[in-house]
Amino acid sequence: MKKNVNVTETGLKSLVWQNLPFEKAVMELIDNGIAAAKKGKKASVCVSIDEISDTKVRVVVADWGKGMSENELVNALQLGSNHGKNASQLNEHGMGLKNALSVLSLGVNNWVIATKTATEQEYRTVRSPLALKVDIKNEKTIMEWAQLAKGQQVLLLGAPSTIVAIEANRSFATTITNISGRVDHNATITDIRVNMMDNIGLHYRGFLTPAAVTNQPKAEIFLLHTRLDNKSRKSADYSITPEHVAFQSYIVDQEFSVELVSGRFVKCHLTIGALSRTKASRLVAGAKRSKLFYLGSTKTQGVDIRLGDRVIKVHEFERIWKSVPHPAYNYLVGEVHIIDPKAGDFTTTNNKGDINLKDDNWERLFEAVRDIYVPKQSRARNLSEVACERYIELVKTVSVAKMLPPVTKRFVPFAGSEVSLLLSTANGEVQFFNFQASGNPMVHIANTRQQWDGLVLEGLQPTVAKVYAKNVNSVHKDLVRQLCNKMTAAKDPLTGECRKYNIELHDISELLN
């Protein structure tokens, strides 16, 4: 049966290049699955990521919700589908399905949508490519689902109401394995699955956490996982657990209200505190450390923004406090929870990849957060600066022939960071120093190694690097000695020589006492 829609395969391709990461494209389908839950019932969603060739994976997302009638299926394929009274934060734009189809398939790979309502025996399906007239067929069995090895939990759910299966390039799937977004071509399918669990556990923690009254979550999300051994094919369903902010202690734990542009008030809850490295070490399924969240770094500091039960933004800092994240607060974490928003209260971009900065309600929210808490960075920053100044004074008391003026906050382009102090002589000898009044000493050592290599690539060959950090102990110093003995620095572009690192680690109290 042919049905008219207002989007074509060409239109689908136009949505491809919208900078939507792999995991967020998959989560567009999960959003739809949760939004389709039957009234008063727990949502059940299953995700599968399987290799189908050396270059491609197949993503399958199934749910046990209401399913779609023929008219609803056609509506879902329209650009900006209208969900009417059923609209929520999960499907407010009506673009989720199209975003997932376009970004995952790149507009050229195969996909299928299969759905049925509670009273129907056969699925109505639409398969790629998309045209102005889509061909809706009836199928009893959806092979993309039937071929999956399922564990007992998923089998007990019976046949899904809606199945979306999309082929994606494997290189795209690997982009979720690195926080900087770089592709790790060596990532295994297990790496991809674990990182998908990581993302789901964090972004859907509100749905996955049991309610206080019923002790039941609003949703259950499974990740199908298959493995091969010498005897048989085994399968298991991982019931994804919620990943909560790994707090060590709280600075703020407070409810507040925000007055929207409309004049209505919305309740919110702000929690801010220090990161627990122990809790963060077992966030994923209670066993693994997250590779993407709560790492105790500048990139992951800040607060998560949770809109209802869905986390839509992580480690937000700069837009809330109007300042650049500072290493003194690498372990600052938190959550802004907008408790019970209505559709349209706090809008997001069309792909839910970011907040909509044109929506004044966000600035009202951030202003309310600033009224409650502002990170005071001055103390940690000043201690580092004081240590640097004292070291410069010490250098002045020592007669060093042909010493050039000291350079502070010297940027190293190849490392992408600044060294606190660089000293050099007229004959080309170079020493550099980092003074850090907070954070993990070994993190600073890793950064110093990158800076050493960066200086070498500039044509400068350091003779020594000294790191002054807080809470340095004998174990840290022994690790640094092992590093210097076993590892060599970058190759000198002029001589081709690879020298060993010569890095010293000291406690910053040596300079501050």
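All values reported here derive from a predicted model rather than from experimental measurement.

A. How the structure looks around the overall build of the protein. When its secondary structure is counted, the protein shows 16 helices and 20 strands. By the burial criterion, 51% of the 513 residues in the protein qualify as buried. Long-range contacts, defined as pairs at least 24 residues apart, comprise 67% of the intrachain contacts of the protein with a sequence gap of at least 6. Accessible surface, the protein: about 24,500 Å² in total, of which carbon and sulfur atoms supply 50%.

B. Here's a closer look at unusual backbone geometry. Of note, the bond from Ser128 into Pro129 is cis; its omega dihedral lies within 30 degrees of zero at 0°. Positionally, Pro129 belongs in the loop between β5 (123-127) and β6 (133-135). In the Ramachandran plot, Asn215 falls in the positive-phi region, its phi being about 60° despite a non-glycine side chain. Structurally, Asn215 is set in the loop between α9 (205-208) and β9 (219-228). Exposure remark for Asn215: the relative accessible area of 56% places this residue in the exposed category. The backbone of Lys409 sits at a positive phi, close to 50°, despite the residue not being glycine. Mapped onto the elements, Lys409 comes out in strand β16 (residues 407-412).

C. Inspection of helix α4 (residues 96-105) at higher detail. For α4, the buried fraction is high: 10 of the 10 residues fall into the buried class. For α4, the full list of buried residues reads Gly96, Leu97, Lys98, Asn99, Ala100, Leu101, Ser102, Val103, Leu104 and Ser105. Two residues or fewer after α4 comes Leu106, characterised by a positive phi angle close to 60°.

D. Region of interest: the sheet that holds β16. Taking strand neighbours across the sheet as the criterion, the five strands line up as β16-β17-β18-β19-β20 in an open arrangement whose pairing is mixed. The two strands at the open ends of the sheet, each matched to only one other strand, are β16 and β20 (503-507). Direction aside, the axes of adjacent strands within the sheet are offset by 35° on average. Sheet topology places strand β18 (residues 430-435) next to strand β19 (residues 462-469); six bridges connect them, and they run parallel. Along β19, the bridge assignment pairs Gln431 with Val464.

E. Broad picture of helix α2 (residues 22-35). Its 14 residues place the ends of α2 20 Å apart at the C-alpha level, agreeing with the 20 Å of an ideal helix rising 1.5 Å per residue. Where burial is concerned, most of α2 is hidden: 12 out of the 14 residues are buried. Along α2, the positions that sit buried rather than exposed are Phe22, Glu23, Lys24, Ala25, Val26, Met27, Glu28, Leu29, Ile30, Asp31, Gly33 and Ile34.

F. Representation of the nonpolar core in the model. Formed by 51 residues in total, the largest nonpolar core has its most connected members in Phe22, Ile30, Leu104 and Ile221. The greatest single-element share of this core, amounting to seven residues, is contributed by α2. Contact partners of Phe22, with chain neighbours within four places excluded, come to Ile49, Val59, Leu104, Ala168, Phe172, Ala173, Thr175, Ile176, Ile192 and Met196. In terms of nonpolar packing, the next biggest core, distinct from the first, is built from 28 residues, Phe256, Ile305, Trp321 and Ile338 among them.

G. Up close: the packing of aromatic side chains. Following the criterion strictly, the structure yields 15 aromatic pairs and no others. Geometrically, the ring pair formed by Phe22 and Phe172 is edge-to-face, given 5.7 Å between the ring centres and 85° between the ring planes. Placement of Phe22 in helix α2 and of Phe172 in helix α7 (residues 170-173) is noted, with a sequence separation of 150 residues between them. Put simply, the rings of Tyr391, Phe433, Phe435 and Tyr468 pair up and form one aromatic cluster. Against the face of Tyr123 rests Lys116, its NZ or CZ located 4.6 Å from the ring centre.

H. Inspection of the packing of helix α14 (residues 441-457) against helix α15 (residues 474-486) at higher detail. In contact at an axis separation of 10 Å, α14 and α15 are set at 25° when each is read in the N-to-C sense. In terms of orientation, α14 lies roughly parallel with respect to α15. Between α14 and α15 lies a crossing whose hand is right-handed. For the pair α14 and α15, the contacting residues are Pro441, Met442, Ile445 and Arg449 in the first and His476, Leu479, Val480 and Leu483 in the second. When its residues are assigned to classes, the contact of α14 with α15 shows six nonpolar, one polar and one charged.

I. How the structure looks around the pattern of salt bridges. Applying the stated criterion to the full structure yields 23 salt bridges. If you follow the salt bridges from partner to partner, you end up with Arg205, Lys218, Asp304, Arg306, Asp309 and Glu335 in one network.

J. Geometry of the pairing of β5. Burial analysis of β5 places four of its five residues in the buried class, which makes it a mostly covered element. Where strand β4 (residues 111-115) meets β5, four bridges bridge the pair, whose relative direction is antiparallel. Each bridged residue has a counterpart across the sheet, and for Thr115 the counterpart in β5 is Arg124. Where β5 meets strand β7 (residues 137-139), three bridges bridge the pair, whose relative direction is antiparallel. Within β7, the residue paired with Thr125 across the bridge is Lys137.

K. The arrangement of the sheet that holds strand β13 (residues 302-307) in detail. The strand order across the open sheet formed by five strands is β11-β12-β15-β13-β14, and the pairing between neighbours is mixed. In the strand order of this sheet, the two ends are held by β11 (247-259) and β14 (310-316), each with one partner. In this sheet, neighbouring strand axes are inclined to one another by 15° on average, regardless of whether the strands run parallel or antiparallel. With seven bridges connecting them, strand β12 (residues 265-275) and strand β15 (residues 332-338) associate as antiparallel partners. Bridging across to β15, Thr271 finds its partner in Glu335. Along the sheet face, helix α8 (residues 189-203) touches β13 and β14 and points at about 105° away from the line of β14.

L. Examining the confidence of the model for the protein more closely. The share of residues in the protein with pLDDT of 70 or more is 86%, and the mean pLDDT across the chain is 86. Below pLDDT 50 for its whole length, residues 227-233 participates in eight contacts with residues either more than four positions away or in separate chains.

M. The arrangement of the packing of α2 against α4 in detail. Two elements in contact, α2 and α4, have axes separated by 8 Å at closest approach and are oriented at 145°. As for the relative orientation of α2 and α4, their crossing is left-handed in sense. Mapping the contact onto sequence places Phe22, Ala25, Val26, Glu28, Leu29 and Asn32 in α2 and Gly96, Leu97, Asn99, Ala100, Val103 and Leu104 in α4. The residue makeup of the contact of α2 with α4, split by class, is eight nonpolar, three polar and one charged.

Rules of the game
- Residues numbered from 1 in each chain as written.
- Predicted model: local features only at pLDDT ≥ 70, side-chain atom pairs only at ≥ 80, totals over all residues.
- Heavy atoms only, no water.
- Helix = DSSP H or I, 4+ residues; strand = E, 2+ residues; numbered from the N terminus.
- Buried < 20%, exposed > 50% of the residue type's maximum accessible area, 1.4 Å probe, protein only.
- Contact = heavy atoms within 4.5 Å.
- Areas by Shrake-Rupley, 256 points an atom, 1.4 Å probe, with all protein chains shown as cover.
- Pairing = 2+ DSSP bridges.
- Axes fitted to C-alpha atoms, helices over the stretch in contact; angles between N-to-C directions.
- Expected span 1.5 Å × (residues − 1).
- Core = buried A, V, L, I, M, F, W, Y, C linked by side-chain atoms within 4.5 Å.
- Phe/Tyr/Trp six-rings, centres within 6.5 Å; stacked < 30°, edge-to-face > 60°.
- Lys NZ or Arg CZ within 6 Å of the ring centre and 35° of its normal.
- Parallel < 35°, antiparallel > 145°, perpendicular 65-115°, else oblique.
- Left-handed = near helix turned anticlockwise from the far one by under 90°.
- Nonpolar A, V, L, I, M, F, W, Y, C, P; charged D, E, K, R; others polar.
- Salt bridge = Lys/Arg side-chain N within 4 Å of Asp/Glu carboxyl O.
- pLDDT = per-residue confidence, 0-100.

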